[in-house]
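# Structure at a glance
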Amino acid sequence: MNNFLTRSISALVYAGIFIFSIFFSKETYIGLITIFSSICIWEFSKIINSKAKVLYLSLILLLIIANYYNLINYSFILVMLALCLLNSTFLILNLFSKSYIRLREFQRLIIQSSYIVLSFFFLAYLPFVKKIYDPYLIAYIILIIWANDSFAYIIGKNFGKHKLFERISPKKTVEGFIGGLSFSVIVSLIIANFFSNYSVLNWIIIAIIVSVFGTFGDLVESKFKRQANVKDSGNIMPGHGGLLDRLDSLFFLAPFVYLYLHFLL
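Residues numbered from 1 in each chain as written. Predicted model: local features only at pLDDT ≥ 70, side-chain atom pairs only at ≥ 80, totals over all residues. Heavy atoms only, no water.

### Description of the overall build of the protein
In terms of helices and strands, the protein carries nine helices and four strands. Start at the N end of the protein and walk to the C end: the helices and strands fall as α-α-α-α-α-β-β-α-β-β-α-α-α. By the compact-globule yardstick of 18 Å for 265 residues, the protein fits well, its C-alpha radius of gyration being 18 Å. Seen along its three principal axes, the alpha-carbon backbone of the protein occupies a region of about 50 × 50 × 40 Å. (Helix = DSSP H or I, 4+ residues; strand = E, 2+ residues; numbered from the N terminus. Rg over C-alpha atoms; globule rule 2.2 N^0.38 Å.)

### Description of helix α5 (residues 105-125)
Between its first and last C-alpha, α5 extends 29 Å over 21 residues, near the 30 Å set by a 1.5 Å rise per residue. The largest bend in α5 comes to about 30°, at Ser-113. Counting buried positions along α5 yields 16 of 21 residues, so the element is predominantly enclosed. (Expected span 1.5 Å × (residues − 1). Bend = angle between axes of the 7 residues up to and from the residue. Buried < 20%, exposed > 50% of the residue type's maximum accessible area, 1.4 Å probe, protein only.)

### A word on helix α8 (residues 200-228)
Across its 29 residues, α8 extends 42 Å between first and last C-alpha, which sits within 8% of the 42 Å expected from 1.5 Å per residue. Looking at the residues trailing α8, positive phi occurs at Asn-229, about 60°.

### Comments concerning a nonpolar patch on the surface
A contiguous nonpolar patch, built from Ile-186, Ile-190, Phe-194 and Phe-195 and spanning about 440 Å² of accessible area, is present on the exposed surface. Within the secondary structure layout, Phe-195 lies in the loop between α7 (174-194) and α8. (Patch = residues over 30% accessible without salt bridge, like charges linked within 9 Å, V, L, I, M, F, W, Y side chains within 5 Å. Areas by Shrake-Rupley, 256 points an atom, 1.4 Å probe, with all protein chains shown as cover. Salt bridge = Lys/Arg side-chain N within 4 Å of Asp/Glu carboxyl O.)

### Some remarks on the packing of α7 against α8
As a packed pair, α7 and α8 sit with axes 8 Å apart at the nearest point and diverge in direction by 150°. In this view, α7 runs roughly antiparallel relative to α8, as classed from their interaxial angle. Classified by chirality, the crossing of α8 by α7 is right-handed. Mapping the contact onto sequence places Phe-177, Gly-180, Leu-181, Ser-184, Val-185, Ser-188, Leu-189, Ile-191, Ala-192 and Asn-193 in α7 and Val-200, Trp-203, Ile-204, Ala-207, Ile-208, Ser-211, Val-212 and Thr-215 in α8. Residue classes in the contact of α7 with α8 are distributed as twelve nonpolar, six polar and no charged. (Axes fitted to C-alpha atoms, helices over the stretch in contact; angles between N-to-C directions. Parallel < 35°, antiparallel > 145°, perpendicular 65-115°, else oblique. Left-handed = near helix turned anticlockwise from the far one by under 90°. Contact = heavy atoms within 4.5 Å. Nonpolar A, V, L, I, M, F, W, Y, C, P; charged D, E, K, R; others polar.)

Rendered as structure tokens:
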């Protein structure tokens, strides 16, 4: 079986499971995010050589269960969001540094907890706007990510001349990033005009957040892998690598979209 066919089948299975889980029920969505986060925690623990996998697996499970049963109050969510966004900001700023991220045991604890656990918690909580599960919201966000990634690749491959972060991801270009952002906005306009109750301006802002922070998320994971001298986070998805490689954009951008939808909108 050639690589293209392997990648295509793997992607279709992944997309099918994701879409089914989103639209079947809120329980299947939360369950899938719990499983995905657990796998990503396991893969990331190997990348940063962390031995506390069970601790993080337990933490994400407890957070999602507690949220499902409304055991987490508003103040606690604000604190978690602040910690998550501070850590994400640190990781983004570190992209501009040539030095590697120091990974002493305490730093592993902070980074793993915020980068993976809290980000996935907000991904699980993201479609529950006003406490009502909205499967279309998360589906549209994934559609925008797909548009961004696809057209960033197509335009970057055919027209890209200026490297975006060559030290971290040699194939990413400025032209590709602009192309991905532009088509993300176009998709958001289609969603706003035909399929959603949110305004055009709101969806444009969401598209910009998704494109910018989704790209940062991909770059952050690439820097961790480069630091660990590994190509893929795992091999669970034939032809694609690990699940972390597929979800790095989605879970990284989730807290930023959550902030906009739940606090700024």
